[in-house]
Amino acid sequence: MSTLGNNNTSGARVRRLATGTVALGVATLGYAAAIERRHWTLRTAELPVLSPGSLPIKVLHISDLHMLPGHRSKQRWVAALDRLDPDLVVNTGDNLAHRQAVPAVLRALGPLLDRPGVFVFGSNDYYAPKPKNPARYLMPRGRTKRIHGVHLPWRDLRAALVEHGWLDLTHVRRTVKVAGQDVFAAGVDDPHLHRDRYGDISGRADRSAALRLGVTHSPEPRVLDPFAADGYDLVLAGHTHGGQLRLPGVGALVTNCELDRSRARGASRWGANMWLHVSAGLGTSPYAPVRFACPPEASLLTLVARDSDARTNPVHGARRRPLNSPTAR
């Protein structure tokens, strides 16, 4: 009995399956690289973090721009966020991806610079990204070696932000007026680079303020824990890119820090009294320009009093390209 016909049929099925798998992979990569990474999204949440009796405060959280001079669509979309009329802008770092990107970042922030703002820097404000094996992104951190690129002009960016009135929170504690209320804010330098010195800002946060706000680029637990112990209501962070690659039913594959994957994006409780909000950010490394099931985002957080009608859990939402900004680069 001949099996030649059966073998030919089986071989054809294997070839079709292999071809289909390759085609699906190529299509997915094309979508992740060409479409989703420019699918600008506004994420919203309401958080009950203000002192009892406080009026609501709208905070625009921007992170991980990873700006190149030619990112025109991103610049226009971010500048248009001013129409949301935020009371405070918080920038959690990684603004730059090129030595000539400072003017592009300032164009993006544009009218937002006329509003109260605070910031800290991340690793890609200090050093440019370098080409890496993409597989390193999925490897455990202990098996990877951090490689720094060329120095970036972070001092020029800092000078411009401060000149416009934004406050550099790197290892300082300050009280700022926001919507007529006191916000006690403190921040650390990038824990991803082990530049954080929480001891410089340690001590109980001001209990008389409407909000006690902590700011960091990388949401490392070793930094979040002392913020919580010192009585902060909310910590804002970036760095994770929301995982950058997410799978349905799985979520983020990695966080690129010690934070657990379930907290890679959005709001969550940290301890009994503090909230954490992690932005998935608006960019990627130019050497890994893909996002999947994790569009680039900015976040508008409506902070309300703890004695208001706000629920224990945050109310989330997302709007795609809310300001009719084009998606083409």
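Residues numbered from 1 in each chain as written. Predicted model: local features only at pLDDT ≥ 70, side-chain atom pairs only at ≥ 80, totals over all residues. Heavy atoms only, no water.

### Section: the overall build of the chain
For clarity, the threshold we go by: Note on conventions: DSSP H or I runs of at least 4 residues are helices, E runs of at least 2 residues are strands, and numbering of each starts at the N terminus. Each residue gets one of three labels from its accessible area relative to the maximum for its type: buried under 20%, exposed over 50%, partly exposed in between, using a 1.4 Å probe on protein chains only. A contact between two residues is defined here by any heavy atoms of the two lying within 4.5 Å. For the accessible areas, the method is Shrake-Rupley and the probe is 1.4 Å, while residue cover comes only from the protein chains on display.
When helices and strands are tallied, the chain shows six helices and 15 strands. Here the chain holds 329 residues, and the buried ones make up 53% of them. Look at the contacts in the chain between residues 6 or more apart in sequence, and 77% of them connect residues 24 or more apart. Total accessible area on the chain is roughly 14800 Å²; 53% of this is exposed by carbon and sulfur atoms.

### Observations concerning helix α6 (residues 221-229)
Among all positions in α6, only Pro221, Val223, Leu224, Pro226 and Phe227 are buried. Where α6 is buried, its residues touch β7 (181-187), β8 (211-215), β9 (234-237), β12 (266-270) and β13 (274-278). Just downstream of α6 lies glycine 231, where phi reads positive at about 90°.

### Considerations on the sheet that holds β12
Using the following cut-off: By definition, two strands form a pair when at least two bridges between them are found by DSSP. Axes here mean lines fitted to C-alpha atoms, for a helix over just the part in contact, with angles spanning 0 to 180 degrees between N-to-C directions.
The strand order across the open sheet built from six strands is β6-β7-β8-β9-β13-β12, with neighbouring strands paired in mixed fashion. Each of the sheet's edge strands pairs with one partner strand only, and the pair in question is β6 (173-178) and β12. For this sheet the average axis-to-axis angle between neighbouring strands, irrespective of direction, equals 25°. As judged from the four bridges shared by β9 and β13, these two strands associate in the parallel manner.

### Here's the deal with the pattern of salt bridges
To keep things clear, this is the line we draw: Any carboxyl oxygen of Asp or Glu that lies within 4 Å of a side-chain nitrogen of Lys or Arg is treated as forming a salt bridge with it.
Counted by the stated rule, this structure contains 11 salt bridges. As a salt-bridge pair, aspartate 82 and arginine 115 come within 2.6 Å of each other at their nearest N and O atoms. Highlighted residues: aspartate 82 in the loop between α2 (72-80) and β3 (88-91) and arginine 115 in the loop between α3 (102-109) and β4 (117-119), separated in sequence by 33 residues. One salt bridge in this structure joins aspartate 260 and arginine 263, with 3.1 Å as the shortest N-O distance. For aspartate 260, a relative accessible area of 35% corresponds to the partly exposed category.

### Topic: the side chain of serine 63
To keep it simple, the criterion reads: N or O atoms closer than or at 3.5 Å make up a polar contact, with two conditions inside protein: a donor-capable atom paired with an acceptor-capable one, and, for residues adjacent in sequence, both atoms drawn from side chains.
Position of serine 63 relative to the elements: it lies in the loop between β2 (57-62) and α2. One polar contact links serine 63 to aspartate 64, side chain to side chain, over a distance of 2.6 Å. If we ignore the near neighbours within four places in the chain, the residues touching serine 63 are Thr92, Gly93, Gly238, His239, Ser279, Gly281 and Leu282.

### Here's the deal with the confidence of the model for the chain
Rules: pLDDT: the predictor's confidence for each residue, scored from 0 to 100.
Overall, the prediction assigns the chain a mean pLDDT of 87, with 78% of residues at 70 or greater. Segment residues 14-32: pLDDT under 50, and 11 contacts once partners within four positions in sequence are set aside and those in other chains are kept. Between residues 325-329, whose pLDDT stays under 50, and residues either more than four places distant or in other chains, the model counts 19 contacts.

### Some thoughts on the side chain of serine 279
Position of serine 279 relative to the elements: it lies in the loop between β13 and β14 (297-305). With a relative accessible area of 0%, serine 279 lands in the buried category. A distance of 3.0 Å separates the side chain of serine 279 from the backbone nitrogen of glycine 281, its partner in a polar contact. The contact partners of serine 279, leaving out residues within four places of it in the chain, are His61, Ser63, Ala237, Gly238, Thr240, His241 and Glu297.

### Describing a nonpolar patch on the surface
What counts is decided by this rule: Residues with no salt bridge and a relative accessible area higher than 30% make up the patches, which join like charges within 9 Å and nonpolar side chains (Val, Leu, Ile, Met, Phe, Trp, Tyr) within 5 Å.
Together, Leu247, Val250 and Leu253 line one region of the surface with nonpolar side chains, adding up to about 220 Å² of accessible area. Summarising the element assignment, leucine 253 is placed in the loop between β11 (251-252) and β12.

### Examining the packing of α3 against helix α5 (residues 154-163)
Which entries qualify depends on this criterion: Each angle gets one of four labels, with under 35 degrees taken as roughly parallel, over 145 as roughly antiparallel, 65 to 115 as roughly perpendicular, and the rest as oblique. Here a crossing is called left-handed whenever its near helix is offset anticlockwise from the far helix by less than a right angle, and right-handed whenever the offset is clockwise.
Where α3 meets α5, the closest approach of the two axes is 10 Å, and the angle between their N-to-C directions is 25°. Relative to α5, the element α3 is oriented roughly parallel. Regarding α3 and α5, the two cross each other, and that crossing is right-handed. Every residue of α5 that contacts α3 at Val102, Val105, Leu106 and Leu109 is listed here: Leu157, Ala160 and Leu161.

### Describing unusual backbone geometry
Even without a glycine there, the phi angle at alanine 179 is positive, about 50°. Here alanine 179 is to be found in the loop between β6 and β7.

### A short note on the packing of α2 against α3
Note the following rule: Asp, Glu, Lys and Arg are counted as charged, while Ala, Val, Leu, Ile, Met, Phe, Trp, Tyr, Cys and Pro are counted as nonpolar; the rest, among them Gly, fall into the polar class.
Where α2 meets α3, the closest approach of the two axes is 6 Å, and the angle between their N-to-C directions is 35°. Contact with α2, carried on its side by Arg72, Gln75, Val78 and Ala79, involves Ala104, Arg107, Ala108 and Leu109 of α3 and no other residues of that element. In terms of residue class, the contact of α2 with α3 is built from five nonpolar, one polar and two charged.

### Description of the nonpolar core
The line we're drawing: In this text, buried Ala, Val, Leu, Ile, Met, Phe, Trp, Tyr and Cys residues form a nonpolar core when linked through side-chain atoms within 4.5 Å.
Ranked by internal contacts, the top residues of the largest apolar core, which has 34 residues, are Ile62 and Val78. Looking at this core, the elements that each hand over two or more residues are β2, α2, α3, α5 and β14. Residue contributions to this core peak at five residues, all from α3. Discounting chain neighbours no more than four positions away, the residues touching isoleucine 62 are Val78, Val89, Val90, Asn91, Thr92, Leu109, Leu112 and Leu282. Counting 25 residues, the second largest nonpolar core, distinct from the first, contains Val176, Leu234, Leu236 and Ala267.

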